[in-house]
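Summary of structural features
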Amino acid sequence: TTSQPYLMQLVTSILFTGYDVVISVLQHAFSLLDVVFPMNMLTQWLAPQTSIEEELALAAGDKVLPIVASTNPRTQFQAAQDQKKPILLYLHSQHHSDSVPFVRDVLCENAVREYMNENIIFTPCLANSVEGRDITQLLRGVRSYPFAIILVPKKSKLEIVGGIQGLVSAQQFLQGLAQWVDRALVFIATEQAEKEEIVQSQILREEQTREYEESLRRDQEKERQRQKEMHRAQEEIKRKEQEEKERAQKEKEFQEKKEQKKGTLPDEPSLEEDRVRIAVKLPGGSRIQRFFRPTDPAQVLFDFVYSQEDEEITSEIFINKARPIEKITNKALPLSHFCPDNLATMFVCHYHDA
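The paragraphs below set out a description of the structure included in this document. Keep in mind that what you see is a predicted model, and the values were worked out from it rather than measured.

1. Let's talk about the sheet that holds strand β7 (residues 287-292)
The strand order across the open sheet built from 5 strands is β7-β6-β10-β8-β9, with neighbouring strands paired in mixed fashion. What marks the edges here is a single partner per strand, and that holds for β7 and β9 (326-327). In the sheet, strand β6 (residues 276-281) pairs with strand β10 (residues 345-350) via 4 bridges, with the strands oriented parallel. Bridge pairing in β10 links Lys 281 to Val 348.

Now the structure itself:
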C-alpha cells in the first residue's frame, strides 16, 4: 500500500532518537503493515548461504557468536513450531560500517548470546544475496543496517512481531529482544490454544459418534458372522465335492498313464537273446525285477517303475545304480552302460533328488 514506504521512512528517521521510541514505532508499523511471509519466500531466504558464516566469523573476530540455526527452510520452520520459539532474521551487510560493531559488540555480547541461544532461532542472511534482496524488496523499508526482525510461526506462514534498523547497544538490543519474544510467545500461546480447542472439539465429535459407530459395528459384525458361517458351510460342501472330483480325475489320469507306460514297455527278451536282469528297490521297500535287453535305453527302467506303482506318483522319479552308486541322468544311454557284461544289477528308486 502507499502507506508502507512512509511508515518505514518514519521508522528509519527516528531510529537514533531513543530505543524505547524505536521499539514502540516499529511494533506499531509492523502491526499496521501486517507483513506476512508466505512459505515460498521462507524457502528462498532460508536457502543455504556459504558465505554468511564466514562473514559473521570475520566480524566477530575472536568472540563467540550465537548459535546459527540450520539453513534448511523446513528444519527452520519445524524447529520454530516444535520448540515454540520465534525466529530472528538478521540481514547482514558486509559493506555497511555498523555491521561489524553490531556483530562483535551486540550479538557476541555474553548476555545477548545466551538469551538468543535459549529463546530464539537465529537465522542470519547476507543483504546482498538473492535471499537478502528478496527480503528487502518484500519489506520495502530496509533503509539501514544492521536490520533484524522477529518472526513467529503462524499456521503455514511467518508473521513479523518486531525488529530494528541501525546500530543499537547490546543492552538496548537485549531489552528489545525480551519484548519481542514476550509478544511472540503470546502469538504462539494463542495459536497453540486454538489448535488445542480444535483438537478438543474433534475429540468431542469423535466421542459423540463413537458409541453409535460401535453399536452399528457390532450389529454389522453379527450379520457378517452369520453370512460368513453360511458361506463357509456352502464353501465346505463345494470344496469336498471339488476334492472328490479332482481325486477321481487324478486317479483316472494315473491309471491311464500307468497303462500307457505298460504298453510302451518292450517285451522281455527270450533266453536266446542277450539280456540282463535288473532289480529295482522301490521307495516303499518292495522290490520289482525283470529282464531287459542291454540295448534298451535307460528310460525303460523309469517306465517300468511307473507301471508297477499302485498309487499316484506326484513327484519326479530318480533311479540310482546301487553298486557302485551311479545316478541315471541320461535316460537315452543303453542299459549296458550301467550293467557291464550283462550282469544282474540292483537299482534304487526314490521320488525326490537326494
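So much for the structure itself; the text now carries on.
2. Overview of the side chain of Lys 321
Residue position: Lys 321 is located in strand β8 (residues 318-321). The side chain of Lys 321 is buried and forms no salt bridge, while Glu 326, the nearest opposite charge, is found at 4.9 Å. Within the local environment of Lys 321, its side chain forms a polar contact with the backbone oxygen of Phe 338, the two atoms lying 2.8 Å apart. In this view, Lys 321 contacts Glu 326, Phe 338, Pro 340, Thr 345, Met 346 and Phe 347; residues no more than four positions away in its chain are not counted.

3. Here we look at unusual backbone geometry
Here the amide bond leading from Tyr 145 into Pro 146 is cis, since omega sits at 5°, within 30 degrees of zero. Take Pro 146: it is sitting in the loop between α8 (130-139) and β4 (147-154). Following Arg 323, the chain continues into Pro 324 via a peptide bond in cis, with omega recorded as -20°. Summarising the element assignment, Pro 324 is placed in the loop between β8 and β9. Despite not being glycine, Asn 342 shows a phi value in the positive range, around 55°.

4. Regarding the pattern of salt bridges
As enumerated under the stated definition, the model contains 13 salt bridges in all. For the salt bridge of Glu 206 with Arg 210, the shortest nitrogen-to-oxygen distance reads 4.0 Å. Within this pair, Glu 206 and its partner Arg 210 are both found in helix α9 (residues 170-264), separated by 4 residues, close to a single helical turn. On the basis of relative accessible area, Arg 210 is assigned to the partly exposed category, the value being 44%. Among the ionic pairs, Arg 239 bridges to Glu 236, the shortest N-O distance being 2.4 Å. Pair noted here: Arg 239 and Glu 236 are both in helix α9, with a separation of 3 residues, about one helical turn. Arg 239 sits in the partly exposed class, given a relative accessible area of 36%. For Glu 236, a relative accessible area of 31% translates into the label partly exposed.

Definitions and cut-offs
Residues numbered from 1 in each chain as written. Predicted model: local features only at pLDDT ≥ 70, side-chain atom pairs only at ≥ 80, totals over all residues. Heavy atoms only, no water. Pairing = 2+ DSSP bridges. Helix = DSSP H or I, 4+ residues; strand = E, 2+ residues; numbered from the N terminus. Buried < 20%, exposed > 50% of the residue type's maximum accessible area, 1.4 Å probe, protein only. Lys, Arg positive; Asp, Glu negative; His and termini not counted. Salt bridge = Lys/Arg side-chain N within 4 Å of Asp/Glu carboxyl O. Polar contact = N/O pair within 3.5 Å; in protein donor to acceptor, adjacent residues only side chain to side chain. Contact = heavy atoms within 4.5 Å.

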